[in-house]
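# An overview of the molecular structure
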Amino acid sequence: MERILIIGAAGQIGSELVTAMRAIHGNENVYATDIKDIPKDIKKAGPSAILDVMDDKRLIHYVIRHKITQIYHLAAVLSGNAEKLPLQAWHINMQSLMNILDLAKVVEDVKKVFWPSSIAVFGPTTPRVNTPQLTITEPSTVYGISKLAGERWCEYFYNRYDVDVRSVRYPGLISYKTEAGGGTTDYAVEIFYEAIKKGNYECFLKEDTALPMMFMEDAVNATIKLMEAPKENIKIRSSYNVGGISFAPKRITAEIKKHLPDFKITYNPDFRQPIAESWPQSIDDSQAQKDWGLETKYNITKLTDTMLEGVRTKFSSK
Ligand code: SER
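Anyway, here's the lowdown on the structure attached to this text. These figures come from a predicted structure and were not determined experimentally. (Residues numbered from 1 in each chain as written. Predicted model: local features only at pLDDT ≥ 70, side-chain atom pairs only at ≥ 80, totals over all residues. Heavy atoms only, no water.)

## What to know about the packing of aromatic side chains
Between two aromatic rings, the relevant description is the distance of the centres plus the angle of the planes. Taken as a whole and judged by the stated rule, the model has 12 aromatic pairs. Residue placement shows K105 over the ring face of Y161; its charged tip is 4.4 Å from the ring centre. When the ring centre of Y298 is taken as reference, the NZ or CZ atom of K302 above it lies at 4.4 Å. (Phe/Tyr/Trp six-rings, centres within 6.5 Å; stacked < 30°, edge-to-face > 60°. Lys NZ or Arg CZ within 6 Å of the ring centre and 35° of its normal.)

## Overview of empty space enclosed by the protein
Enumeration over the complete set of coordinates arrives at one cavity of 30 Å³ or more. Size it by volume and the largest cavity reaches roughly 40 Å³. Lining the largest cavity, in full, are A75, A76, N93, M94, L97, W115, S146, K147 and G150. At the level of secondary structure, the elements contributing two or more residues to the lining of the largest cavity comprise α5 (86-106) and α6 (142-161). For the lining of the largest cavity, the per-class residue count stands at five nonpolar, three polar and one charged. (1 Å grid on protein atoms, 1.4 Å probe; cavity = no way out; pocket = protein on both sides within 12 Å on 5 of 7 lines; lining within 4 Å. Points joined across faces, edges and corners; volume = space filled by probe spheres on them. Helix = DSSP H or I, 4+ residues; strand = E, 2+ residues; numbered from the N terminus. Nonpolar A, V, L, I, M, F, W, Y, C, P; charged D, E, K, R; others polar.)

## Here we look at the side chain of S238
Position of S238 among the secondary structure elements: in the loop between α8 (216-228) and β12 (240-241). Among the residues examined, S238 registers a relative accessible area of 9% and is labelled buried. Sequence-distant contacts of S238, defined by excluding residues within four places in its chain, comprise E151, R152, C154, E155 and S167. (Buried < 20%, exposed > 50% of the residue type's maximum accessible area, 1.4 Å probe, protein only. Contact = heavy atoms within 4.5 Å.)

## So, the nonpolar core
Counting 41 residues, the largest nonpolar core has I174, Y187, F192, F247 and I252 as the members making the most contacts within it. Of all the secondary structure elements, the ones that give two or more residues to this core are α6, α7 (187-197), β10 (200-203), β11 (211-215), β13 (245-247), α9 (249-259), α10 (272-277) and α12 (300-316). No other element matches α7, which puts seven residues into this core. Residues in contact with Y187, not counting those within four places in the same chain, are Y201, C203, F204, L205, M213, F247, A248, P249 and I252. (Core = buried A, V, L, I, M, F, W, Y, C linked by side-chain atoms within 4.5 Å.)

Written out as structure tokens, the structure reads:
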């Protein structure tokens, strides 16, 4: 029986992963933790705690006390926010990962670790279309530098200490349950909220800036599939490319207009525009398909329908 610790359970990925994992492993076996308040529904359904991943002593006590067997470390400072306080973001992103890897090395019960990397490991010198698994990685953001260094550490801990740590390079993640915060791809979430609330949106990227994106359900299913795959299938111990779909603000606007013909978008690119331009437009994820069966279900039309419906329901139930 697995006993699973989710760190960052109040965040965009964590809040949905907790629910999916509880459905598989039982509510009582999935421990939802965050530095922030845990959403009420998650708190009510199973164990939870306020826990700071930077506090390595409390962390190790918690893991031992609850006999945790798998850790999902989802806490991070995202790309836009990291540029505002680079050294602090570096410290948080790196030290938190080192705390987890070091713990997994010494605590025998902990058999598997998941840590997300990002398309941000790529940079301006990377081929931007259908970006390969193995290619130039010269990130220009502090977030990207921290994710690339993290990937190297994951591979190192696997090779040196046999820590079974697994990772994917998430593209922009789109969901309506919990909003993301401070990312460059987050326009593609905000646009749905503003479309429903106000009927217009000022986009911080240019209209033709294409980026790889994925609906949260696909991202959660990919994560679960990766973690359930037999150890010997995991050939990449840094992080797997996962692509999903690729679109620019103009394209998603056209999809939204099919439902809301009066929706208006204006463009006012800010400091996140050069970040977006340094990242891939689309991703080659054939290695993930081959090694552990990555598959995605959402195209841009299904994603738009689901997001508009989800955001609408969220507002009407408030
Ligand atoms: N969605 C993230 C960001 O924009 C990329 O990993 O920061």
